[in-house]
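# Coordinates in review
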Amino acid sequence: MISNSITFLGRGGLSSVQVLGRSGVFLALSLYYAVRPPIRMTRIAEELEFIGTKSCLIIFVTALFTGMVLALQGYYTLSKFGSEALLGTAVALSIIRELGPVLCALMVAGRAGSAITAEIGIMKITDQLPALEMMGIDPIEYVISPKIIVSIIALPLLTAFFDIVAIFGGYIVGVLLLGINEGSYFGDMVKTLTLHDIYSGFIKALSFGLLIAWICTFIGYTAKPTTEGVSSATTNAVVLSSVSILMVDYVLTSILF
Amino acid sequence: MITITNLNHSYGKIATAKNVSCNFETNKITVILGGSGSGKSTLLKQIVGLQKADSGSIEFNGQDVTRLSKRALYEMRKEMGMLFQGSALFNSFNIFDNIAFPLRQHRSLSEKVIKTLIKIKLEMVGLRGTELLMPSQLSGGMTKRVGLARAIIMDPKIVFYDEPTSGLDPISAGVINKLILDLNRKLGVTSVVVSHDIESALLIADKVIILFYGEIIATGTPEEIRESTDPKVIQFITGSPDGPIPFSVSDKKFIADLMEG
Ligand SMILES: Nc1ncnc2c1ncn2[C@@H]1O[C@H](COP(=O)(O)OP(=O)(O)OP(=O)(O)O)[C@@H](O)[C@H]1O
Ligand SMILES: [Mg+2]
């Protein structure tokens, strides 16, 4: 009984080490193909359109309302100390350091990440990946690598967009609705924000981009070649990438600040 | 051209190749016949190195496919064309781009030349004029024919056809059979055809291999197969439900299974 459960644990540990190892090799290979010529510009453009451009609307809406609600809550808290004037700084700091990268990554994981896993899984079960291999093209090079590289590029850009829209959302509520002085909303913000705040938000966005793409492509690529396999892979990919975003966020925050 | 020796392969408990030994000759059409799930597609994938064998060797032009590096495999496949069972068209590309894909990846041809080449191949499969449709807009049989056009666009020396005529109406099936024959007789394309369409198989084959749950139960020319006295072969080619080959995949007697509840 005990020896049984030990073997079970041992086997579980071994296989998770194996999965980690294989996914590491998978990532290294994708990144190697991304920098080695020929660089597939058409593929990169396609993925930029899908992962980047098509995420803009949902990022816009999420960011706008996040900024607005943040201003509302912040105003309530700050007014208790009579320091409503700090609202701009409060909104900007929490957006740029924390909410921008995290919420943006969660939205991208839900929208593009799930689609990435499903697409790769479907290509696998319909023999499109083997067909590429038959034509002498490595699927990791052609399909996976552009997705990973684009996700790493797109996340910081989308996050910057998120930050700007959210700060604007805060402006709508804080200045236009609650009547805070416009000069103090923006002026104090610019004064207190440091380059380090922006830089750490940027590092977070980069890491989340890598994380989403890595998890979603690997789970799709190793999905069981059945329809159920692909649908459960899609769910797993979104859940796992969302949870890892939050965990990595904690680790990065504790290192960076 | 291809010699398989003592090949074994299984998916977990399901054996798809049990000590398979056979060979495929240059410039000949070899047809692999076998029931559903007997391991035909898996065998093809092992020959081209898409699936790893558990043991045994597969020799292609003097190289052991099971031992080749990834790069050497890609090199080897330049001489090969493959029609997948589900056609495996890229569903994000239209028909033209699907067929043009291998050309664009490996040859630097002008778009004008590519256009001409594609017209020729599409005419061969009877689908000229469908260039701008998406794979999702085609019927199953049309998809198969586009897959075939893509498989032969690079003029490979050897073509693997996984069920080229299944799901086709008799006329299209006849056209495809004739196409396989023509490619072989006129251009000397070595052909390996997987099928469970006995009529077509016996018509085009130089050699027939009958696979039954991972085992080869008969090999020979179409005449030899037709005149075989082996009860398994007779049952297979007459399609009789009674005989040594059970229809059901279960070993259990049906009645016993029912009684168990
Ligand atoms: N990727 C896979 N994972 C696990 N089992 C598989 C896989 N692919 C095929 N099998 C199993 O291997 C066996 C042989 O499959 P294969 O596709 O080679 O058969 P086939 O002879 O081509 O059948 P059909 O005529 O229906 O296409 C089947 O029992 C199938 O369930
Ligand atoms: Mg098959």
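Read on for a plain summary of the structure. (Residues numbered from 1 in each chain as written. Chains lettered and ligands numbered in written order. Predicted model: local features only at pLDDT ≥ 70, side-chain atom pairs only at ≥ 80, totals over all residues. Heavy atoms only, no water.)

### Here's the deal with the overall build of chain B
Looking only at helices and strands, chain B features ten helices and ten strands. For 261 residues, the compact-globule estimate of 2.2 N^0.38 gives 18 Å, and the C-alpha radius of gyration of chain B, at 19 Å, lies within 12% of that figure. Principal-axis analysis of the C-alpha atoms gives chain B an extent of 65 × 40 × 40 Å. Long-range pairs, those at least 24 residues apart, make up 63% of the contacts in chain B between residues at least 6 apart in sequence. Of the roughly 12900 Å² of accessible surface on chain B, 55% is carried by carbon and sulfur atoms. When the 30 basic and 27 acidic side-chain charges of chain B are each reduced to a single mean position, those positions are 8 Å apart. (Helix = DSSP H or I, 4+ residues; strand = E, 2+ residues; numbered from the N terminus. Rg over C-alpha atoms; globule rule 2.2 N^0.38 Å. Contact = heavy atoms within 4.5 Å. Areas by Shrake-Rupley, 256 points an atom, 1.4 Å probe, with all protein chains shown as cover. Lys, Arg positive; Asp, Glu negative; His and termini not counted. Charge placed at Lys NZ, Arg CZ, Asp CG, Glu CD.)

### Section: the layout of surface pockets
Taken as a whole, the second largest pocket encloses approximately 470 Å³ of empty space. Taken together, 17 residues make up the lining of the second largest pocket; nearest its centre are Arg 36, Gly 136 and Glu 141 of chain A together with Arg 71 and Tyr 74 of chain B. Taken together, the elements giving at least two residues each to the lining of the second largest pocket come down to α1 (2-35) of chain A together with α2 (70-77) and α3 (95-106) of chain B. At four residues, α2 of chain B tops the list of elements feeding residues into the lining of the second largest pocket. Residues of the lining of the second largest pocket, tallied by class, amount to six nonpolar, three polar and eight charged. (1 Å grid on protein atoms, 1.4 Å probe; cavity = no way out; pocket = protein on both sides within 12 Å on 5 of 7 lines; lining within 4 Å. Points joined across faces, edges and corners; volume = space filled by probe spheres on them. Nonpolar A, V, L, I, M, F, W, Y, C, P; charged D, E, K, R; others polar.)

### Here we look at the nonpolar core
Counting 95 residues, the largest nonpolar core has Ile 2, Ile 4, Phe 24 and Phe 160 of chain B as the members making the most contacts within it. Per element, the largest residue contribution to this core is 17 residues, and it comes from helix α6 (residues 139-177) of chain A. Beyond its immediate sequence surroundings of up to four residues, Phe 24 of chain B is in contact with Met 1, Ile 2, Ile 4, Thr 30, Ile 32, Ile 47, Val 192 and Ile 209 of chain B. By size, the runner-up hydrophobic cluster in this structure holds 45 residues, among which are Ala 100, Ile 153, Met 154 and Ile 225 of chain B. (Core = buried A, V, L, I, M, F, W, Y, C linked by side-chain atoms within 4.5 Å. Buried < 20%, exposed > 50% of the residue type's maximum accessible area, 1.4 Å probe, protein only.)

### Considering the packing of helix α3 (residues 56-80) of chain A against α6 of chain A
Helix packing geometry: the angle between the two helix axes and the distance between the axes. Residue and element names in this part refer to chain A. Interhelical geometry of α3 versus α6 gives an angle of 40° and a closest axis separation of 7 Å. With respect to each other, α3 and α6 are oriented oblique. Every pair of crossing elements has a handedness; the one defined by α3 and α6 is right-handed. The residues of α6 that touch α3, namely those facing Cys 56, Ile 59, Phe 60, Thr 62, Ala 63, Leu 64, Thr 66, Gly 67, Met 68, Ala 71 and Leu 72, are Leu 158, Phe 161, Phe 162, Val 165, Ala 166, Phe 168, Gly 169, Gly 170, Ile 172, Val 173 and Gly 174. When grouped by side-chain class, the residues that make up the contact of α3 with α6 number 16 nonpolar, six polar and no charged. (Axes fitted to C-alpha atoms, helices over the stretch in contact; angles between N-to-C directions. Parallel < 35°, antiparallel > 145°, perpendicular 65-115°, else oblique. Left-handed = near helix turned anticlockwise from the far one by under 90°.)

### A word on the packing of helix α4 (residues 87-125) of chain A against helix α9 (residues 227-256) of chain A
Residue and element names in this part refer to chain A. Across the interface, α4 lies against α9 with an axial gap of 9 Å and an inter-helix angle of 155°. Here α4 lies roughly antiparallel to α9, going by the angle between them. Handedness of the α4/α9 crossing: right-handed. Of the residues in α9, those in contact with Glu 98, Val 102, Ala 105, Leu 106, Ala 109, Gly 110, Ser 114, Thr 117, Ala 118, Gly 121, Ile 122 and Ile 125 of α4 are Thr 227, Val 230, Ala 233, Thr 234, Ala 237, Val 238, Ser 241, Ser 242, Ile 245, Leu 246, Asp 249 and Thr 253. Grouping the amino acids of the contact of α4 with α9 by side-chain chemistry returns 13 nonpolar, nine polar and two charged.

### Regarding helix α1 (residues 40-47) of chain B
Extensive coverage of α1 of chain B is indicated by the burial of seven of its eight residues. Burial in α1 of chain B covers these residues: Lys 40, Thr 42, Leu 43, Leu 44, Lys 45, Gln 46 and Ile 47 of chain B.

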